[in-house]
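# Summary of the model geometry
Listed here are the chains, written in short residue letters.
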Amino acid sequence: MLKQRSKNTIQLFSCGILISSFFILSCQKPRTEPGPTIPSPGATATTVSTFAGIFVADMNKLKSPNGIVADANGNVFVADEGKYCIRKIAPDGTASILAGSITGIAGHKDGKGTDAIFSNISGMVLDRFGNILAVDCGTGYIRKITPDGTVSTIAGNGVQTSGNGPLAIVNGPALSVSFTFPRGIGIDSKGNIYVTDNNSLIRKLDATGNVSTFAGGVNQGNRDGLGTAALFNAPQDIAIDAADNLFITDRQNHSIRKIDKTATYPRWPEPASQGLPMVVAM
């Protein structure tokens, strides 16, 4: 008799839990995702839209777009790293290939329009004449593309090595020097060109056509200092302000480095949560 009573008590208790749970759930308001914020009349709103490209594996579509620049006329130029070309997007949205392969062939060849060949274009910058200066990471060349699509090599000899220890570093006349997997590029008000080198260096191509090591040493590190006494670790992109100060994304050091006119290198404070900085824009 006692066992039966205990069993009934357990059953009633379990039933009470189910009823209570049902009551609580039925009284809760359904969760809804917050909708878009509607700006007040007259307020300024930021709108994000897809300007160009679609996720389709097609030669006419973008694949792995990397560098991007825009000229004063509203034209946008995109380094299509996966298709080995530079695309031009006009203000009306019309897209065309300014220079590079239309068949996805990688390599190195100067020429006009689709007669030219690139390999893994990364950083790009516009000079004051509207020419695009592009870093061809895959071949170690610095290329120049005029507004009509004519491509020429302005620096690099195509020799780059990888592995442990010092990599290929040769300074001197522009077409005789070595770059190793260069990534970022910038140009100052005097026409000097700066390139980040995978050797953890910042290289400088001056207006006379000479390439030198502007900052950093062949050893990777994390040290502020003067010129080659400073150390970087995988510098990526470059931005140059109106005073010709350089700002470098130092990827593996999780830092933004500043190179001022006196060539000293203060580091911006690191945030509590470190990521891997890749791109800066001024």
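Conventions we followed
- Residues numbered from 1 in each chain as written.
- Predicted model: local features only at pLDDT ≥ 70, side-chain atom pairs only at ≥ 80, totals over all residues.
- Heavy atoms only, no water.
- Phe/Tyr/Trp six-rings, centres within 6.5 Å; stacked < 30°, edge-to-face > 60°.
- Lys NZ or Arg CZ within 6 Å of the ring centre and 35° of its normal.
- Pairing = 2+ DSSP bridges.
- Helix = DSSP H or I, 4+ residues; strand = E, 2+ residues; numbered from the N terminus.
- Buried < 20%, exposed > 50% of the residue type's maximum accessible area, 1.4 Å probe, protein only.
- Core = buried A, V, L, I, M, F, W, Y, C linked by side-chain atoms within 4.5 Å.
- Contact = heavy atoms within 4.5 Å.
- Axes fitted to C-alpha atoms, helices over the stretch in contact; angles between N-to-C directions.
- pLDDT = per-residue confidence, 0-100.

## Focus: the packing of aromatic side chains
Taken as a whole and judged by the stated rule, the model has 1 aromatic pair. Here the basic side chain of Arg-203 rests over the ring of Phe-179, its NZ or CZ set 4.9 Å away from the ring centre. One Lys or Arg, Arg-257, reaches over the ring of Phe-232 and ends 4.7 Å from the middle of that ring.

## Focus: the sheet that holds strand S13 (residues 201-205)
Spatial strand order, S10-S14-S13-S12-S11: 5 strands in an open sheet with antiparallel pairing. Each edge of the open sheet carries a strand with a single partner, namely strand S10 (172-173) and strand S11 (185-187). Pairing between S10 and strand S14 (residues 210-215): 2 bridges, direction antiparallel. Directly across from Pro-173, in S14, lies its bridge partner Asn-210.

## Here we look at unusual backbone geometry
Trans peptide bonds make up most of the peptide bonds, and negative phi angles are found at most residues other than glycine. In this structure, Asn-120 is a non-glycine residue whose phi angle is positive, near 55 degrees. Among the structural elements, Asn-120 can be located in the loop between strand S5 (111-112) and strand S6 (121-126). Judged by its relative accessible area of 28%, Asn-120 is partly exposed. For Ala-234, which is not glycine, the phi torsion reads 65 degrees and is therefore positive. Tracing the backbone through its elements, the reader meets Ala-234 in the loop between S14 and strand S15 (235-240). Look at Ala-234 and you get buried, because its relative accessible area is 13%.

## Side note on the pairing of S13
In terms of residue burial, S13 counts as a mostly covered element, since 4 of its 5 residues are buried. Here 5 bridges tie strand S12 (residues 193-197) to S13, and the two strands are oriented antiparallel to one another. When the sheet's bridge partners are listed, Ile-193 is paired in S13 with Leu-205. The hairpin formed by S12 and S13 contains 3 residues between the paired strands, and Ser-200 there has a positive phi angle of roughly 65 degrees. The pairing of S13 with S14 spans 4 bridges and is antiparallel. Paired with Lys-204 across the bridge in S14 is Ser-212. Here S13 hands over to S14 after 4 residues, with Gly-209 in that stretch at a positive phi of 90 degrees.

## Focus on the environment of Leu-226
The residue Leu-226 is located in the loop between S14 and S15 in this model. On a C-alpha basis, the gap between Leu-226 and Ile-259 in space is 9.2 Å, while along the polypeptide they are 33 residues apart.

## Details of the nonpolar core
Membership of the largest hydrophobic core comes to 15 residues, with the highest contact counts inside it found for Ile-86, Met-124, Ile-132 and Ile-145. Contributions of two or more residues to this core are made by strand S2 (76-80), strand S4 (95-100), S6 and strand S7 (132-136). Per-element accounting of this core gives the leading share, 3 residues, to S6. Apart from the residues within four sequence positions on either side, Ile-132 is in contact with Phe-77, Ile-86, Leu-98, Met-124, Val-125, Leu-126, Arg-143, Lys-144 and Ile-145. By size, the runner-up hydrophobic cluster in this structure holds 14 residues, among which are Phe-179, Ile-185, Val-195 and Val-211.

## Let's talk about the sheet that holds S4
Strand order in the open sheet made by the 4 strands is S1-S2-S3-S4, with antiparallel pairing throughout. Looking at the sheet topology across the chains shown, the edges are occupied by strand S1 (65-70) and S4. For this sheet the average axis-to-axis angle between neighbouring strands, irrespective of direction, equals 25 degrees. Here S2 pairs with strand S3 (residues 85-89) via 5 bridges, running antiparallel. Bridged to Phe-77 within S3 is Lys-88.

## Re the confidence of the model for the chain
For the chain, the average pLDDT comes to 79, and 68% of its residues sit at 70 or higher. Low pLDDT, under 50, characterises residues 1-27; the stretch is placed with 0 contacts to residues that sit more than four places away or in other chains. Counted against residues more than four places away or in other chains, residues 54-59, with its pLDDT under 50, gives 10 contacts.

## Remarks on the environment of Ser-212
Considering the arrangement of structural elements, one finds Ser-212 in strand S14. Between the C-alpha atoms of Ser-212 and Pro-173, which are 39 residues apart in sequence, the distance is 9.0 Å. With residues near it in sequence (within four places) discarded, Ser-212 still touches Asn-171, Ile-202, Arg-203 and Lys-204.

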